[in-house]
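These are the residues of each chain, in order.
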Amino acid sequence: MDQPIGNIYIVVAPSGAGKTSLVAALLQAEPSVELSISYSTRQARKGEIDGQHYHFVDRSVFDAMIARGDFLEWAEVYGNCYGTSAPWIRGRLAVGQDILLEIDWQGAEQVRKVFPDAIGIFIAPPSIEELERRLRGRDTDTEEVILRRLASARAEIDKIAEYDYIVVNDDFERARLDLISIVRAQRLKSAPQCRRLAEMLRRMGTAAAK
Ligand code: 5GP
């Protein structure tokens, strides 16, 4: 794939850390960042819309997509398959679009092999006890599933140092502002700014104008 102009943000978090709500709040504040809609073999939950939350497909369609090389990455998470569309990502990056992938740690590792400049963000709960409290509070999972999610959370937190940014979700508003700050700071980095501001710099007659 060509070197992207847009940024790729990869947001990873243990389940129960509040990733989905935080990402939704980020996308609302920064509409220029576009969410990648994954393909998934799991059943749609109540209220989920095909094509909006996921592209829901059955296993045979998913396997055919793997065989065609349609996925930038894919992984099995809690017994279901999830994957990111390579053609969609390629198309959006080609036009300079910033994109956000809300995927698991296995997917994050695969994406960073293809795009080493992708920005990894880990959303951490303030403690394992708080994570457990939130998982139990959702009242959707069996005891076995809760224990499995807690074990996964510990394994995911073991790899926290591999991410570029860590946001602790102890206070939603602060975590939301942290996420927004990451996106804004990234946008202000000098290399993309020089490209964006080329016309202004040219008018200033500076050597920085490309
Ligand atoms: P859920 O079924 O609760 O929506 O998602 C379960 C897990 O799968 C979450 O950690 C979510 O981030 C992850 N996930 C969602 N889409 C993808 C994807 O395209 N690729 C990978 N590797 N993980 C994904």
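The rules behind these values
- Residues numbered from 1 in each chain as written.
- Predicted model: local features only at pLDDT ≥ 70, side-chain atom pairs only at ≥ 80, totals over all residues.
- Heavy atoms only, no water.
- Helix = DSSP H or I, 4+ residues; strand = E, 2+ residues; numbered from the N terminus.
- Expected span 1.5 Å × (residues − 1).
- Contact = heavy atoms within 4.5 Å.
- Near = heavy atom within 4 Å.
- Polar contact = N/O pair within 3.5 Å; in protein donor to acceptor, adjacent residues only side chain to side chain.
- Areas by Shrake-Rupley, 256 points an atom, 1.4 Å probe, with all protein chains shown as cover.
- Nonpolar A, V, L, I, M, F, W, Y, C, P; charged D, E, K, R; others polar.
- Salt bridge = Lys/Arg side-chain N within 4 Å of Asp/Glu carboxyl O.
- Core = buried A, V, L, I, M, F, W, Y, C linked by side-chain atoms within 4.5 Å.
- Buried < 20%, exposed > 50% of the residue type's maximum accessible area, 1.4 Å probe, protein only.
- UniProt positions renumbered as here; feature names shortened; annotations may be inferred.
- Pairing = 2+ DSSP bridges.
- Axes fitted to C-alpha atoms, helices over the stretch in contact; angles between N-to-C directions.

It is not clear to me how helix H7 (residues 172-187) should be interpreted in this structure. Could you clarify?
Since the α-helix packs 3.6 residues into each turn, any two residues three or four apart lie on the same face. For H7, spanning 16 residues, the distance from its first C-alpha to its last is 23 Å, which sits close to the expected 22 Å at 1.5 Å a residue. Of the surrounding elements, those touching the buried residues of H7 are strand S1 (8-12), helix H1 (19-29), strand S2 (33-35), strand S8 (119-124), strand S9 (165-168) and helix H8 (190-196).

Whenever I open this one, the site of the ligand confuses me. Can you help?
Near the ligand, the surroundings consist of 15 residues, among which Lys19, Ser38, Arg42, Tyr54 and Tyr82 are the closest. Within the side chain of Ser38, a nitrogen or oxygen atom sits 2.6 Å from an oxygen atom of the ligand. Within the side chain of Arg42, an N or O atom sits 2.6 Å from an oxygen atom of the ligand. If the ligand stood free it would expose 510 Å²; the protein chains cover 86% of that surface. Across the shell around the ligand, the residue classes tally to five nonpolar, four polar and six charged.

Please explain the side chain of Asp70 as it appears in this structure.
Structurally, the position occupied by Asp70 is in the loop between helix H2 (59-68) and strand S5 (71-77). Among all residues touching Asp70, those that are not within four sequence positions of it are Met65, Thr84, Ser85, Ala86 and Pro87.

Help me understand the pattern of salt bridges in this model?
Pairing between side chains of opposite charge can happen when the charged atoms of each approach one another. Counted by the stated rule, this structure contains 19 salt bridges. Linking Arg92 and Glu34 is a salt bridge whose minimum nitrogen-to-oxygen distance equals 2.9 Å. Separated by 58 residues along the polypeptide, Arg92 in helix H3 (residues 86-94) and Glu34 in strand S2 bring together distant segments of the chain. Of the charged contacts, one joins Arg112 and Asp164 as a salt bridge, the two residues approaching to 2.9 Å between their closest N and O atoms.

I tried to follow the nonpolar core on my own but got confused; where do I start?
Where a protein is soluble and globular, its nonpolar side chains tend to be buried together. Tyr9, Leu100, Ile121, Ile123, Val167 and Leu179 are the most contacted members of the largest nonpolar core, which has 25 residues in total. Among the elements that line this core, the one with the most residues is H7, at five residues. Once residues within four sequence positions are removed from consideration, Ile123 is found in contact with Val11, Val12, Ala13, Pro14, Ala17, Lys19, Leu22, Val167, Asn169 and Leu179. Counting 17 residues, the second-largest nonpolar core is a separate cluster that includes Ile8, Ala108, Phe122 and Tyr163.

Which parts of the structure should I look at to understand the environment of Arg203?
Tracing the backbone through its elements, the reader meets Arg203 in helix H9 (residues 198-203). Residue classification places Arg203 among the exposed residues on the basis of a relative accessible area of 62%. Taking C-alpha positions, Arg203 is 25 Å from Arg184, a pair spaced 19 residues apart along the chain.

Would you mind showing me how to read the UniProt feature "domain: Guanylate kinase-like" (unreviewed entry) in the protein here?
Here the UniProt feature "domain: Guanylate kinase-like" (unreviewed entry) sits at residues 6-184. End C-alpha to end C-alpha, residues 6-184 measures 13 Å, and it is 45% helix and 22% strand.

Whenever I open this one, the sheet that holds S8 confuses me. Can you help?
Pairing between the strands of a sheet comes from backbone hydrogen bonds, and it takes one of two forms, parallel or antiparallel. Within the open sheet, the five strands sit side by side as S2-S7-S1-S8-S9. Their pairing is parallel. The open sheet has two edge strands with one neighbour each: S2 and S9. Put simply, the sheet's adjacent strands are angled 25 degrees from each other on average, direction ignored. Two strands pair when backbone bridges link them, and S2 and strand S7 (residues 98-102) are joined in this way by three bridges, in the parallel orientation. Directly across from Glu34, in S7, lies its bridge partner Ile99. Taken strand by strand, H3 contacts S1, S2 and S7, and its axis lies near 150 degrees from that of S7. Along the sheet face, helix H4 (residues 105-114) touches S1, S7 and S8 and points at about 155 degrees away from the line of S1.

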